[in-house]
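# Residue-level structure breakdown
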Amino acid sequence: MKRFATLSTVGLCAFLLGAQAPPRGEGHGGFEPRLGMMSMGPGSRTPVTGAPYSAIQTTESQQTLTDGNQITRQEQSKVYRDSQGRVRMEHAIKSAESSPVIAIFDPVAGFAHVLHPSTMTAVKTPIHAHNEFRNGVSARTKQSPASDVQTEDLGTQTINGFAATGTRTTRTIPAGAIGNQQAIQIVREAWVSIDLKVPVMIKSSDPRFGSTVMQLTNIVRTEPDAALFQVPANYAVTNGPSRMNRPGPRQ
Amino acid sequence: MTCRESTVELVECARTGEDPDAELQAHLMSCSRCKERWEDERRLTTQFRIMRDAVTGQPSMAGREELMREFERAHTGGFHVFWRWALNAAAILLVVLALVYDWRHHGSAGSVAKPQKNSVGLQAEDSGDEGGFVSVPYALPLAPGEFVRIVRTELDREALAGMGIDIETADGAEVPADVLLGEDDLPRGVRVLPDNGFSNLE
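Residues numbered from 1 in each chain as written. Chains lettered and ligands numbered in written order. Predicted model: local features only at pLDDT ≥ 70, side-chain atom pairs only at ≥ 80, totals over all residues.

## Quick word on the overall build of chain B
Regarding its fold elements, chain B presents 5 helices and 6 strands. Per-residue burial over chain B gives 33% buried out of 202 residues. In chain B, of all internal contacts separated by at least 6 residues, the share reaching a separation of at least 24 is 56%. (Helix = DSSP H or I, 4+ residues; strand = E, 2+ residues; numbered from the N terminus. Buried ≥ 20, exposed ≤ 12 C-beta atoms within 10 Å, placed from the backbone. Contact = placed C-beta atoms within 7 Å.)

Below is the structure:
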């Protein structure tokens, strides 16, 4: 049930940040967005207020292929959050010809925007549209049993200069559950800052997809420039889809 | 027929409730006194019957039959008409509800994620619905405050199967899909898109 709610929350918040695809070629990461970055945003439904910060989010992933070869990748994003709970994420794209995709999540104004600096365009999506999406997700997602999830409290540690509480979650996919000959163990270790209420480190290991380490570094606890949460005046703004079953407006 | 003979038969007919025979009727037509007597006898017999019924509380067979006929006339026809209309209305309502349900669950979703070309044949349980994100089986829950993002990409059958999503595709064919990722870059949900998802991006 928790997982059910989590995916719903995740989905709706992701949707809030728009759904227009940028030009092709913004390749990066494990699931390469060959057709574009659709959206970014906080996974929590309730915005965190009164805890502004800016930071750099780095994700390193490693996948070992069946022949022993390894694929290692690294991604970086800039993250800003103001005291009102507005969030800006600048996701760097490795592809040389592409500029970052920027997402602004503004629960104060009730809108989310996805900005494409390369084309100076933005897609605006009303936040209230999320109910439909949430219902769509929650009603139609296949769920695997959560009874096999084990959670371990790792206590409090200082991670990247911030006090954080750690949780290790382990899940085992029984043999034969997804066609696997042997049981598969998935492990995730998340450290969430007590003050910022966001993860400052996440280590994940899922043999199906590889291992990843996410870290939040260069954290500055000052109020970001308010202009970061506004769509530049010279951007052409279009309205995003009001329903998730519409992949996106034509450009 | 004499008036004396007529009187005896009048009394008997009035008592039994039978109609006078032809000979008696002919006499009544010709004799005003006997006719008046016949009317009195019949009226008196009727009064006696009413009094008897009032005392016993049971109507006579004739009265009961008359009452039943009245009841049939008054109610039976209306009763059947009412239920006939009610059943017809219920049937129409059921048909309308079925059409609305079908339209909402199939008609409106038909243009969502079903490929319009025959390169793929979706079998994933949820791929044809609005919203349409299918959770990746056995994915671990997100941490509090964790960010997510959706990337649009192309996945082949093996990649989808690795996430526990079964879709029939042509050999080597890739399917456009939105993948929901956590900050650890691991997938949490997948939404398979129709082929014409490409056209929105060009």
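Next, the rest of the story.
## Overview of the overall build of chain A
Within chain A, the secondary structure is distributed over 2 helices and 13 strands. The contacts of chain A with a sequence gap of at least 6 include a subset with a gap of at least 24, amounting to 57%.

## Topic: helix H1 (residues 3-16) of chain B
All names here are of chain B. The end-to-end C-alpha distance of H1 is 20 Å, a good match for the 20 Å that 14 residues give at a rise of 1.5 Å each. All buried positions along H1 are accounted for by Ser6, Leu10 and Ala14. Buried residues along H1 cover an arc of 60 degrees about the axis, so they all sit on one side. More than 90 degrees from the buried face of H1, the exposed residues found are Arg4, Val8 and Thr16. Downstream of H1 by one or two residues, Gly17 has phi in the positive range, about 85 degrees. (Expected span 1.5 Å × (residues − 1). Arc of directions from axis to C-beta.)

## Considerations on the confidence of the model for chain A
Residue and element names in this part refer to chain A. Scored by pLDDT, chain A comes out at a mean of 76, with 68% of its residues at no less than 70. Helix H2 (residues 130-140) is the least confidently modelled element of chain A, averaging 38 in pLDDT, while strand S11 (residues 199-206) averages 95, the highest of any element. Across residues 1-29, confidence stays below pLDDT 50; counting only partners more than four residues off in sequence or on other chains, it has 119 contacts. Here residues 129-143 is a poorly scored stretch, pLDDT under 50, and it has 42 contacts once near neighbours within four places are set aside; other chains count. (pLDDT = per-residue confidence, 0-100.)

## As for unusual backbone geometry
Residue and element names in this part refer to chain B. The phi dihedral of Tyr138 is positive, around 65 degrees, even though this residue is not glycine. Counting through the fold element by element, Tyr138 comes out in the loop between strand S2 (134-135) and strand S3 (147-156). By the C-beta count within 10 Å, which is 23 here, Tyr138 ends up buried. Despite not being glycine, Asp185 shows a phi value in the positive range, around 70 degrees.

## A closer look at the nonpolar core
Among the nonpolar cores identified, the biggest contains 60 residues, and Met89, Ala103 and Ile104 of chain A together with Ala177, Val179 and Val190 of chain B are the most heavily contacted of them. Ranked by size, the runner-up nonpolar core spans 5 residues in total, among them Leu10, Ala14, Leu28 and Cys34 of chain B. (Core = buried A, V, L, I, M, F, W, Y, C linked by C-beta atoms within 7 Å.)

## Focus on the sheet that holds strand S5 (residues 101-106) of chain A
All names here are of chain A. Pairing within the open sheet is mixed, and its 12 strands lie in the order S8-S9-S10-S11-S12-S2-S3-S4-S5-S6-S7-S13. A strand with exactly one partner marks an edge of an open sheet, and here the two such strands are strand S8 (149-159) and strand S13 (236-239). Pairwise comparison of adjacent strand axes, ignoring direction, gives a mean angle of 15 degrees for this sheet. Pairing geometry for strand S2 (residues 53-64) and strand S3 (residues 70-81), over 12 bridges, is antiparallel. Across the sheet, residue Gln62 finds its bridge partner in S3, namely Thr72. (Pairing = 2+ DSSP bridges. Axes fitted to C-alpha atoms, helices over the stretch in contact; angles between N-to-C directions.)

## A closer look at the environment of Ser205 of chain A
Residues and elements named next belong to chain A. With respect to the helices and strands, the residue Ser205 is situated in strand S11. Distance from Ser205 to Gln185, taken between C-alpha atoms, is 8.3 Å for residues 20 residues apart in sequence. When sequence neighbours within four positions are dropped, the list of residues in contact with Ser205 reads Ile186, Val187 and Ser211.

## Here we look at the pairing of strand S5 (residues 174-181) of chain B
When a strand is regular, its side chains alternate between the sheet's two faces. All names here are of chain B. Most of S5 is tucked away: 7 of the 8 residues are buried. Bridge analysis of S3 against S5 gives 8 bridges, and the strand direction is antiparallel. Looking at S5, one finds that Thr153 is bridged to Ala177. Relative to strand S6 (residues 187-192), S5 runs antiparallel, the two being bridged by 5 bridges. Following the sheet pairing, Val179 is matched in S6 by Val190. Between S5 and S6, which pair antiparallel in sequence order, lie 5 residues; one of them, Asp185, sits at a positive phi of approximately 70 degrees.

## What about the confidence of the model for chain B?
Residue and element names in this part refer to chain B. Per-residue confidence for chain B gives a mean pLDDT of 71, with 67% of residues at or over 70. In the model of chain B, strand S1 (residues 120-121) stands out as the element of lowest mean pLDDT, 24, in contrast to helix H2 (residues 22-30), which has the highest, 87. Contacts of residues 197-202 to residues separated by more than four positions or lying in other chains number 11 contacts, the stretch itself having pLDDT below 50. Overall fold confidence for the complex sits at a pTM of 0.59, while the interface term, ipTM, reaches 0.72.

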